[in-house]
Amino acid sequence: MKRIICNICGKKFKAFDEQGELGLHTRLGYGSVHDGDKLNLDICLHCLDNVIIHLCKISPIEEE
Ligand SMILES: [Zn+2]
C-alpha cells in the first residue's frame with residue numbers, strides 16, 4: 001500500500017493518521033489562484049493540531 005505523505009511537514013502518515021483519513025480533496029473554484037486545479041492536500045494529525053491551534057481564529061473542534 002502506498003504511504004500517504006503529509007503535504008505540510010513532508011512526513012509519511014503513520015497508521016493512526018491513515019485511520020483518520022485526513023485531507024482535503026476537491027477541485028478549486030473561482031477565488032483561488034489555483035482556480036480549476038485539483039487539490040489533494042493530505043495532512044497528518046500533528047500538522048492538523050498545529051493548524052487548529054495556530055491558524056484557526058475560530059476552533060473547528062466540537063468537543064464530544
Ligand atoms: Zn504533517
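Residues numbered from 1 in each chain as written. Predicted model: local features only at pLDDT ≥ 70, side-chain atom pairs only at ≥ 80, totals over all residues. Heavy atoms only, no water.

(A) How the structure looks around the nonpolar core. Counting residues in hydrophobic clusters, the biggest one holds six residues: Cys 6, Phe 13, Leu 22, Ile 43, Cys 44 and Cys 47. Apart from residues no more than four positions distant in its own chain, Cys 6 is found in contact with Lys 11, Phe 13, Asp 42, Ile 43, Cys 44 and Cys 47. (Core = buried A, V, L, I, M, F, W, Y, C linked by side-chain atoms within 4.5 Å. Buried < 20%, exposed > 50% of the residue type's maximum accessible area, 1.4 Å probe, protein only. Contact = heavy atoms within 4.5 Å.)

(B) Geometry of the environment of Gln 19. Turning to its location among the elements, Gln 19 is positioned in helix α1 (residues 15–20). The spatial distance from the C-alpha of Gln 19 to the C-alpha of Asp 35 is 30 Å, given a sequence separation of 16 residues. (Helix = DSSP H or I, 4+ residues; strand = E, 2+ residues; numbered from the N terminus.)

(C) The coordination of the zinc ion, seen in detail. Around the zinc ion, the donor atoms from the protein are Cys 6 (SG), Cys 9 (SG), Cys 44 (SG) and Cys 47 (SG), and they sit 2.3 to 2.4 Å away. Classification of the site at the zinc ion rests on its four donor atoms, whose angles at the metal span 105 to 116 degrees, yielding the label tetrahedral. Between the donor residues of the zinc ion, the gaps in sequence give the motif C-x2-C-x34-C-x2-C. Highlighted residues: Cys 9 in the segment before α1 and Cys 44 in the loop between β2 (38–42) and α2 (45–55), separated in sequence by 35 residues. Since its relative accessible area comes to 34%, Cys 9 is described here as partly exposed. (Donors = N, O, S within 2.8 Å, 3.2 Å for Na, K, Ca; no water. Tetrahedral: all angles 85-135°; square planar, octahedral: opposite > 155°, others 65-115°.)

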